[in-house]
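Here is how the chains run, residue by residue.
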Amino acid sequence: MTGPEIDDEPPEHRRYAHYLELLESVPEAEEAGLLAAVLRDDCASMAESAVNRHLERRAARLLTDARFPDWARTTAAVIGDRAFLSRRLREWTLLRAIALDEPWTAEEVTDASDWFQRTAVVAQTITSPAAPTVLAERGRTRRVRNAASRRLQRPRPRAG
């Protein structure tokens, strides 16, 4: 078939890419406003996907940073009752608690999503064997249980 080239990319794909670019470079003071604007997009699934991608990037960068709790509270207020985004933010907060040796429960870890369980097994910021031990015993999938068991078998770096 010949003829003029037609851009077949759907408009929501272009908006998604544009949102990711904007979110990657947004100043901290303007982040909440931009997240809210993205979430008002007519295509809710695309908007939530873009916000989730941003949330993943920011949470990973801020995981052990003192600014994380304020960022998480602000982000939670913007996300509102969007179930997937709320759960993912809670799971990042749990990952932070584990990484910083703050209180958490085995039930929180075993009730968390497959994504969380896989992430907790491979996260370099988690140095305590407590979470991998829970996941080796009670992880939801064989993949998680095996990965956690392998992690526990690795020699731990010596302190100091």
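Residues numbered from 1 in each chain as written. Predicted model: local features only at pLDDT ≥ 70, side-chain atom pairs only at ≥ 80, totals over all residues. Heavy atoms only, no water.

Caption draft 1: Unusual backbone geometry, seen in detail. A positive phi angle is found at D101, which is not glycine, with a value near 60°. Here D101 lies in the loop between α5 (83–99) and α6 (106–111). (Helix = DSSP H or I, 4+ residues; strand = E, 2+ residues; numbered from the N terminus.)

Caption draft 2: Quick peek at helix α9 (residues 142–153). Here α9 contains 12 residues, and its C-alpha end-to-end distance of 16 Å stays within 8% of the 16 Å for a straight helix at 1.5 Å per residue. Within α9, burial applies to V144, A147, A148 and R151. Seen from one end, α9 has its buried residues packed into an arc of 100°, which puts them on one side. The exposed residues of α9 that point more than 90 degrees off its buried face are R142, R150 and Q153. (Expected span 1.5 Å × (residues − 1). Buried < 20%, exposed > 50% of the residue type's maximum accessible area, 1.4 Å probe, protein only. Arc of directions from axis to C-beta.)

Caption draft 3: Structural detail: the packing of aromatic side chains. Counted under the stated rule, the structure contains 2 aromatic pairs. Between the aromatic rings of F68 and W71, the centroid separation amounts to 5.5 Å while the plane-to-plane angle is 55°, which identifies the pairing as tilted. A residue pair is termed a helical-turn pair when its members lie 3 or 4 positions apart in one helix, as F68 and W71 do in helix α4 (residues 68–79) at 3 residues. Both rings, one in W92 and one in W115, keep their centres 5.4 Å apart while their planes meet at 55°; by these two values the pair is tilted. On the criterion of sequence distance, the pair formed by W92 in helix α5 and W115 in helix α7 (residues 114–122) is long-range, its members being 23 residues apart. A single burial state applies to W92 and to W115, both of which are buried. (Phe/Tyr/Trp six-rings, centres within 6.5 Å; stacked < 30°, edge-to-face > 60°.)

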